[in-house]
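Structural overview
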Amino acid sequence: YLTCLTASVDDRFKAAVPVYGCGYLHDGESVQRPMIDRLNDGQRDEWIRLHDPSSFLVACRVPMFFVNGTNDKHYPLKSYARSYKLVKGPLTLRIEAGMRHSHVHGWAPIEIGRFVDQHLLQAPALLELSKPVMQGDVVSATFPMQQKAVGATLQYTGDQGELVGRHWKRAKATLGNGKVSAKVPEDATIWCLAVTGSDGAMVTTEVMFREP
């Protein structure tokens with residue numbers, strides 16, 4: 001949360017990694033929303049203007065690596081997707097099916113250090129996935145041919161209702177010639193592609209929704 005705010009108002013950072021944090025806490029399923037809703041109209045508007053990352057991320061030009069899980073109750077997936085779409089600078093995503101919310105689980109992904117090393121030490125970059133494209137029932141994305149991908153899956157849920165309670169599944173995705181693709185099940189309501197590089201680091205495409 002604080003990383004989203006800080007990187008949006010100070011462009012001196014070489015890279016930023018908001019783990020879990022996002023905006024639109026006033027307009028979604030976040031557990032913080034009831035507290036915001038208790039404010040009067042003037043206080044609520046002021047809180048959104050001064051404290052919600054959705055009011056700031058549009059100005060962010062710092063390379064950002066958003067890390068979250070699919071079922072996070074503090075920073076739910078729909079608010080999360082609306083938030084990262086605001087960023088105008090370089091954007092990388094790691095959205096893991098079922099990732100738990102805690103300091104320990106938030107520190108665990110090896111990709112965080114790899115992303116920072118990429119920007120501070122000129123270390124090899126994480127895979128760079130394009131925005132996903134749907135053609136019929138197949139979703140696909142591309143990545144630079146010089147980057148090596150060794151595994152890929154489709155992460156998806158067919159459930160509806162509250163995001164925190166949805167069950168997520170994984171299906172096989174196909175890799176080849178700088179492209180990853182997978183058939184999206186007919187009942188899928190939310191999905192994204194997850195690709196693992198030769199260094200064991202995973203990145204994902206933006207999330208896609210087939211529901212209001």
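Calculation notes
Residues numbered from 1 in each chain as written. Predicted model: local features only at pLDDT ≥ 70, side-chain atom pairs only at ≥ 80, totals over all residues. Heavy atoms only, no water. Phe/Tyr/Trp six-rings, centres within 6.5 Å; stacked < 30°, edge-to-face > 60°. Helix = DSSP H or I, 4+ residues; strand = E, 2+ residues; numbered from the N terminus. Buried < 20%, exposed > 50% of the residue type's maximum accessible area, 1.4 Å probe, protein only. Lys NZ or Arg CZ within 6 Å of the ring centre and 35° of its normal. Pairing = 2+ DSSP bridges. Polar contact = N/O pair within 3.5 Å; in protein donor to acceptor, adjacent residues only side chain to side chain. Disulfide = S-S within 2.5 Å. Contact = heavy atoms within 4.5 Å.

**Here's the deal with the packing of aromatic side chains**
This model, assessed by the stated rule, comprises four aromatic pairs. Ring centres 5.7 Å apart and planes at 85° place the aromatic pair Phe-66 and Tyr-80 in the edge-to-face group. Taken together, the positions of Phe-66 in strand 1 (residues 64-69) and Tyr-80 in helix 4 (residues 77-84) put the pair 14 residues apart, joining distant regions of the chain. We classify Phe-66 as buried; its relative accessible area is 0%. Classification of Tyr-80 as buried rests on a relative accessible area of 0%. Arg-82 extends its terminal NZ or CZ atom over the ring of Tyr-24, reaching a point 3.8 Å from the ring centre.

**A word on the pairing of strand 9 (residues 190-197)**
The buried fraction of strand 9 amounts to seven of the eight residues, a majority that puts the element mostly inside the structure. Across eight bridges, strand 5 (residues 149-157) lies against strand 9 in antiparallel orientation. When the sheet's bridge partners are listed, Gly-151 is paired in strand 9 with Thr-196. Summarising the sheet, strand 9 and strand 11 (residues 208-209) pair through two bridges and their orientation is antiparallel. Looking across to strand 11, one finds that Trp-191 is bridged to Met-208. As paired elements, strand 9 and strand 10 (residues 202-204) share three bridges and run antiparallel to each other. The partner of Thr-196 across the bridge, within strand 10, is Met-202.

**Concerning the side chain of Asp-10**
Its place among the elements puts Asp-10 in the loop between helix 1 (2-9) and helix 2 (33-37). Here Arg-12 takes part through its side chain, which lies 2.7 Å from a polar atom of the side chain of Asp-10.

**A look at the state of the cysteines**
Inspection of the entire model under this criterion finds zero disulfides. The thiol sulfur of Cys-22 is not disulfide-bonded, and the nearest other cysteine sulfur, from Cys-4, lies at 7.1 Å. In this structure Cys-192 is a free cysteine whose sulfur lies 15 Å from that of Cys-22, the closest cysteine sulfur available. By relative accessible area, which is 1% here, Cys-192 ends up buried.

**As for the side chain of Gln-32**
For Gln-32, the position within the fold is in the loop between helix 1 and helix 2. Discounting chain neighbours no more than four positions away, the residues touching Gln-32 are His-74 and Tyr-75.

These figures come from the coordinates and say nothing about function on their own.
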